[in-house]
Amino acid sequence: MSISIKKATGPSRSFPLLASQTGMWLDEQLHAAAPAHIVSACLKVRGPLHRAVLQVSVDRLATRHENLRVTFNIESGGAKQWVHDEIDTQIVYIDLRGASQTLDSAIYQVLMAPMSLESGPLFRVTLFDLGADENALLFAIHHLVADHQSTDRLLQDFYALYQAEVTGRPDLLAPLA
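The rules we used
Residues numbered from 1 in each chain as written. Predicted model: local features only at pLDDT ≥ 70, side-chain atom pairs only at ≥ 80, totals over all residues. Heavy atoms only, no water. Buried < 20%, exposed > 50% of the residue type's maximum accessible area, 1.4 Å probe, protein only. Helix = DSSP H or I, 4+ residues; strand = E, 2+ residues; numbered from the N terminus. Pairing = 2+ DSSP bridges. Right-handed = clockwise from strand over helix to strand, strands pointing away. 1 Å grid on protein atoms, 1.4 Å probe; cavity = no way out; pocket = protein on both sides within 12 Å on 5 of 7 lines; lining within 4 Å. Points joined across faces, edges and corners; volume = space filled by probe spheres on them. Nonpolar A, V, L, I, M, F, W, Y, C, P; charged D, E, K, R; others polar.

### Observations regarding the pairing of strand S6 (residues 123-131)
Then, number 1: In terms of burial, S6 is a largely internal element, 8 of the 9 residues being buried.
Then, number 2: Pairing between strand S5 (residues 92-95) and S6: 4 bridges, direction parallel. Bridge pairing in S6 links Asp95 to Asp129.
Then, number 3: In this fold, the crossover linking S5 to S6 by way of helix H3 (residues 103-112) has right-handed handedness.
Then, number 4: Linking S6 to strand S7 (residues 134-142), which pair antiparallel, is a turn of 2 residues; within it Ala132 sits at a positive phi near 45°.

Printed below as a string of structure tokens:
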């Protein structure tokens, strides 16, 4: 299995790192791609899944939450976070129907794939096809841009966006501050 990720694109603006991000950023420089820095959630999906709608929902989620479009670079001697107008949110599809690889080992392999702080994205979605209207949807987010509590919020928003797209109704999500 190979995972190919496109880099962040579009205009961006920079901000200094938050105090809570500085220590983790320094640790990431010493221990690049440490899986301990990845916050993940895997959802089992039973029943019909609309892949095109799924992609639109992930795109809308990244548009709604700018922390999903952040990369980190050194500028003028210090680390800065860059918020991009857009970032690649292409869902990676992995077919496990009839495969000898287990879902757990496939998830492990995806989570071990390094995330580049400099080029991003620091947010990935992987869809595992398990067969017969059964899928697993894995969200992997670098801890520099989301913690467990904010990941819960992202998943709630994703669900609302997906339901709105499937039903053709407005999402009714309150604007973010």
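Once the structure has been displayed, the description carries forward.
### So, the layout of surface pockets
Then, number 1: In this structure, the largest pocket encloses a volume near 240 Å³.
Then, number 2: For the largest pocket, the lining is made up of 14 residues, of which Leu18, Gln21, Gln81, Leu144 and Val145 are closest to its centre.
Then, number 3: For the lining of the largest pocket, the elements supplying multiple residues, two or more each, are helix H1 (19-30) and strand S4 (78-86).
Then, number 4: Its residues placed into classes, the lining of the largest pocket shows 7 nonpolar, 5 polar and 2 charged.
Then, number 5: In this structure, the second largest pocket spans a volume of roughly 190 Å³.
Then, number 6: For the lining of the second largest pocket, the secondary-structure elements that each account for two or more residues are strand S2 (38-46) and helix H4 (148-167).
Then, number 7: The element best represented in the lining of the second largest pocket is H4, accounting for 6 residues.
Then, number 8: Tallied by class, residues from the lining of the second largest pocket come to 9 nonpolar, 2 polar and no charged.

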